[in-house]
Amino acid sequence: MATGINTLHPLITGVRRAEWELIRDAMDGEGQIKARGTKYLQEPTGFTVLEGDARASAYAGYLERASFPEFLAPSVAAMIGIIHGQEIVPELPDALSFLFENVDGEGLPLEAFHRRITRELLTIGGYVILTDAPEGGGDPYLTGFSRDRLINWDTDWYVLDESRPRRDGFVWEQLKQYRLLEMGGGSFTPWLYDEFDNRREVPVRARGGGFLPRIPVVVGNALDLSPRIEPPPLIGVARAALSIYRKTADQEQALYMGANPTLVAIDGPAPSVVGAGVVHEMRGAPGTKPDLKYVEATNAGLKDRRIEMDAYREQAVMAGARLFERATAQESGEAKRLRYASETATLMSIAQSSCLLLERALKNAAMIAGVPDDDIVVPVPTDLMDRTMSPQDFAALFGVYRDGGMSWETFFANGQRGGIFSPEDTADDEARRLDAPPLQPDAVV
């Protein structure tokens, strides 16, 4: 059991780490999924009777014919586009305006950094931002960490895994490094550790040399600002894509075997050449009847596999669509609270977390820079999607209902969401109005 700086928090379970790995691999696409080999696509039991190159070749063909559906990356890109479709311009004091063009000290614009926060919340389900400054003093900058880089934490105590490749001449080697953030004697004290638990203090001071009264780190997930680990919001999409990947492998294997029958010689010599126009004369032992036959695998079950894959595609769609539920600004007026979300992540809760994460990190930058942070605000989008239905869309929807393509209840529900029908009415209320006789021109009301 690890007892040093690399000890993992109990909430970082094997299940969570497997989910993070699947999400990242699915985001990278089919090439990365296939590079994992048997991790995601087990070898069929029939291949185990083969030996050596034959077994490897059989599995290589099985793997090559499989197809991993690219559901996740386009979904994430579309959701980032929805959240950042409205321009989000943080309000910063003039002393921190340089962060708009260089937020990380390496030339990354603030807008791109904000999109990175949102992307991590959508995929891994969390993000960590450390506000730091050069050891010798200088302007503050923001450093982002994937949620799995925060390996241990407690009240006013955090351990970040900063291990990374480091170039030594022409050779790259893996640098093992960890950063401990803690409060000591009422002020912030950071330490750098190597893999052998050797440590050195890395002083971070406010402009003017003052000590920092709090740890300049903020941790959030897709629901709120807390170190609590939640399942990745789009893990259902990744799992559905993985199930389809495995089923396509079996389906393509069945099609391959069925399309390539095996020629069998019965009581006669096996031919060395086959094909159209080739004549085979077979002579067997006396009293026998030589014969040539093709033996092929049946395609039984292919229809059922297609039905199953369609069901998993629907699951993937629903897993992504779940984030659109209640995607409104119902709590935008209270977005500055530490806890504001329901138990289920939505696009709105992710947008709120993303903006609040950035806002808290910028306030930490103000603390280091020695400027007031009262006016620092990262506004949350007021409405992620314009739900108002145009007259043309309503007319088209009515045409579908009129032609029997949907029920009255479904038509009314869509019109109500589009702002056509009153949210206080029901489908029966509107139907009764339609069934009522029309008012006469000279009627007295």
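Right above here is the structure, for reference.
Residues numbered from 1 in each chain as written. Predicted model: local features only at pLDDT ≥ 70, side-chain atom pairs only at ≥ 80, totals over all residues. Heavy atoms only, no water.

Caption draft 1: Molecular detail of the packing of helix α9 (residues 391-402) against helix α10 (residues 408-417). Packing of α9 against α10 leaves a shortest axis separation of 10 Å and a crossing angle of 170°. Accordingly, the angle class assigned to the pair α9 and α10 is roughly antiparallel. Contacts between α9 and α10 involve Phe394, Leu397, Phe398 and Tyr401 on the former and, on the latter, Trp408, Phe411, Asn414 and Gly415. Taken together, the residues of the contact of α9 with α10 sort by class into six nonpolar, two polar and no charged. (Axes fitted to C-alpha atoms, helices over the stretch in contact; angles between N-to-C directions. Helix = DSSP H or I, 4+ residues; strand = E, 2+ residues; numbered from the N terminus. Parallel < 35°, antiparallel > 145°, perpendicular 65-115°, else oblique. Contact = heavy atoms within 4.5 Å. Nonpolar A, V, L, I, M, F, W, Y, C, P; charged D, E, K, R; others polar.)

Caption draft 2: How the structure looks around the sheet that holds strand β10 (residues 217-221). The sheet built from three strands is open, its strands ordered β2-β1-β10 with antiparallel pairing. If you trace the sheet from one side to the other, it starts and ends with β2 (141-146) and β10, each paired once. Sheet twist, expressed as the mean angle between neighbouring strand axes with direction ignored, is 20°. For strand β1 (residues 126-132) and β2, the ladder comprises six bridges, and the chain directions are antiparallel. Looking across to β2, one finds that Leu130 is bridged to Thr143. Helix α5 (residues 110-123) rests against β1, β2 and β10 of the sheet, and its axis sits at about 145° to β1. (Pairing = 2+ DSSP bridges.)

Caption draft 3: Main features of the pairing of strand β4 (residues 157-161). Taken across its five residues, β4 has four buried, putting it largely inside the fold. Direction of pairing for strand β3 (residues 150-154) relative to β4: antiparallel, over a ladder of four bridges. Pairing of Asn152 across the sheet is with Val159, part of β4. With antiparallel pairing between neighbouring strands as the criterion, β3 and β4 make up a hairpin whose turn holds two residues, including Asp156 at a positive phi of roughly 55°. Summarising the sheet, β4 and strand β7 (residues 177-184) pair through five bridges and their orientation is antiparallel. Bridge pairing in β7 links Asp161 to Tyr178. (Buried < 20%, exposed > 50% of the residue type's maximum accessible area, 1.4 Å probe, protein only.)

Caption draft 4: Geometry of the layout of surface pockets. In this structure, the largest pocket encloses a volume near 670 Å³. Lining the largest pocket are 28 residues, with Thr143, Gly144, Phe145, Glu162 and Arg164 positioned closest to its centre. For the lining of the largest pocket, the secondary structure elements donating two or more residues are α5, β1, β2 and β7. If you tally residues by element for the lining of the largest pocket, the top one is β2, at six residues. Roughly 330 Å³ of internal volume is contained in the second largest pocket. In this structure, the second largest pocket is lined by 15 residues; those nearest its centre are Tyr158, Ile215, Val217, Val218 and Arg360. At the level of elements, β10 and α8 (347-369) are the ones that each hand at least two residues to the lining of the second largest pocket. Class assignment of the residues belonging to the lining of the second largest pocket gives a composition of eight nonpolar, three polar and four charged. (1 Å grid on protein atoms, 1.4 Å probe; cavity = no way out; pocket = protein on both sides within 12 Å on 5 of 7 lines; lining within 4 Å. Points joined across faces, edges and corners; volume = space filled by probe spheres on them.)

Geometry only, nothing functional implied.
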